[in-house]
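What follows is the residue order along each chain.
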Amino acid sequence: MTVAPAMATDDYVGFTFFVGCMAMMAASAFFFLSMNSFDNKWKTSILVSGLITFIAAVHYWYMRDYWATNATSPTFFRYVDWVLTVPLMCVEFYLILKAAGATKQLMWKMIFASAVMLVTGYFGEAVYTTGSGPAVWGLVSGIAYFYIVYEIWMGGASKLAASAGGAVQSAHKTLCWFVLVGWAIYPIGYFLGIGDGGSPEALNVIYNLADFVNKIAFGVFIWSAAVQDSE
Ligand SMILES: *C/C=C(C)/C=C/C=C(C)/C=C/C1=C(C)CCCC1(C)C
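Okay, so let's go over this structure.

Rules behind the numbers
Residues numbered from 1 in each chain as written. Predicted model: local features only at pLDDT ≥ 70, side-chain atom pairs only at ≥ 80, totals over all residues. Heavy atoms only, no water. Helix = DSSP H or I, 4+ residues; strand = E, 2+ residues; numbered from the N terminus. Rg over C-alpha atoms; globule rule 2.2 N^0.38 Å. Buried < 20%, exposed > 50% of the residue type's maximum accessible area, 1.4 Å probe, protein only. Areas by Shrake-Rupley, 256 points an atom, 1.4 Å probe, with all protein chains shown as cover. Lys, Arg positive; Asp, Glu negative; His and termini not counted. Charge placed at Lys NZ, Arg CZ, Asp CG, Glu CD. Near = heavy atom within 4 Å. 1 Å grid on protein atoms, 1.4 Å probe; cavity = no way out; pocket = protein on both sides within 12 Å on 5 of 7 lines; lining within 4 Å. Sits in = over half its atoms within 2 Å of the grid points. Points joined across faces, edges and corners; volume = space filled by probe spheres on them. Nonpolar A, V, L, I, M, F, W, Y, C, P; charged D, E, K, R; others polar. Core = buried A, V, L, I, M, F, W, Y, C linked by side-chain atoms within 4.5 Å. Contact = heavy atoms within 4.5 Å. Expected span 1.5 Å × (residues − 1). Arc of directions from axis to C-beta.

### Observations concerning the overall build of the protein chain
Each helix and strand in the protein chain was counted, giving nine helices and zero strands. The N-to-C order of helical and strand elements in the protein chain reads α-α-α-α-α-α-α-α-α. For 231 residues, the compact-globule estimate of 2.2 N^0.38 gives 17 Å, and the protein chain sits close to it at 18 Å. Reported as C-alpha extents along the three principal axes, the dimensions of the protein chain are approximately 55 × 40 × 20 Å. Out of the 231 residues in the protein chain, the part that is buried amounts to 46%. Surface exposure of the protein chain reaches about 11300 Å², of which carbon and sulfur atoms provide 70%. For the protein chain, the separation between the mean place of its 10 positive charges and that of its 13 negative charges on side chains is 14 Å.

Printed below as a string of structure tokens:
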């Protein structure tokens, strides 16, 4: 008879996977059930927030199991999750800024840059894992990340937000902070986890924390902007 892998009581990394999974599920239920109380402009944004946490919940289900069984990083599931959810976050930016005249071109630019960021990060974490590989690919990924930061803080997106003013501008500012501070948590986990002396425990706890901030707190922020705007 096979039994489900038990989780050791001192496995705090496993605990963060477990709690992360529950939190993603709960957040998805919340976003899906509340979306219909908003008008069309916000409904899509909240739907996308729910899709982001739902996709993450499914991946956390697998990652939790993978960690409990192997006690190694579930790198593959992690990056599949990111490759699906990060573009959806770029769509969120676009939806927020659409009122200010954002173009699809801006959205595709950000999706492309985030794809470069994630694919090169995957190379460093899972493919070229020896010698200077992780550092070099991490650096390339970091450059793509800073391009995104630049684009939303100082490029086209910020000009659109400034010209719109009001609620759009303040929502955009908060999104900017999520990308500058929230997204910056990931490279910390990466650089603590890679290489011979790297700690998969640190990497996964930090990634799980970052996902909590950038998927759940991010979605709650969009929801509260929608509530304020609907009052
Ligand atoms: C929901 C998932 C999100 C928002 C994931 C974001 C991931 C990143 C911002 C990852 C960035 C990385 C670098 C900037 C350098 C090192 C490699 C990465 C991929 C961890």
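### Describing the site of the ligand
Near the ligand lie 17 residues; those nearest to it are Trp82, Met117, Ser141, Tyr186 and Lys215. When the ligand sits alone it has 520 Å² of accessible area, and the protein chains cover 100% of it. A majority-of-atoms criterion places the ligand in the largest pocket. Residue assignment for the shell around the ligand shows that the elements contributing at least two residues are helix 3 (75–98), helix 4 (104–127), helix 5 (133–153), helix 8 (185–193) and helix 9 (200–230).

### Some details on the layout of surface pockets
Its volume calculated, the largest pocket comes out at about 360 Å³. Met117, Ser141, Trp183, Tyr186 and Pro187 are the residues nearest the centre of the largest pocket, which is lined by 22 residues in total. Among the secondary structure elements, those contributing two or more residues to the lining of the largest pocket are helix 3, helix 4, helix 5, helix 8 and helix 9. Looking at which element gives the most residues to the lining of the largest pocket, the answer is helix 5, with six residues. In terms of residue class, the lining of the largest pocket is built from 15 nonpolar, five polar and two charged.

### As for empty space enclosed by the protein
Per the stated rule, a full pass over the model turns up one cavity of 30 Å³ or more. Of the volumes computed, that of the largest cavity is approximately 30 Å³. Lining the largest cavity, in full, are Cys90, Phe93, Tyr94, Leu97, Leu106, Met107 and Met110. Tallying contributions element by element places helix 3 first for the lining of the largest cavity, with four residues. Tallied by class, the residues present in the lining of the largest cavity amount to seven nonpolar, no polar and no charged.

### A look at the nonpolar core
With 66 residues, the main nonpolar core has Val179 and Trp183 as its most contacted residues. Setting aside its immediate chain neighbours within four residues, Trp183 contacts Val86, Met89, Met117, Tyr145, Ile148, Phe178 and Asn214.

### Focus on helix 5
When the terminal C-alpha atoms of helix 5 are compared, their 30 Å separation across 21 residues agrees well with the 30 Å that a helix rising 1.5 Å per residue should span. Three or more residues of helix 5 are buried, namely Gly133, Pro134, Gly138, Ser141, Ala144, Tyr145, Ile148, Val149, Glu151 and Ile152. Considered in projection along helix 5, the buried side chains sweep an arc of 165 degrees and stay on one side of the axis. The outward face of helix 5, more than 90 degrees from its buried face, is lined by the exposed residues Leu139, Ile143 and Phe146.

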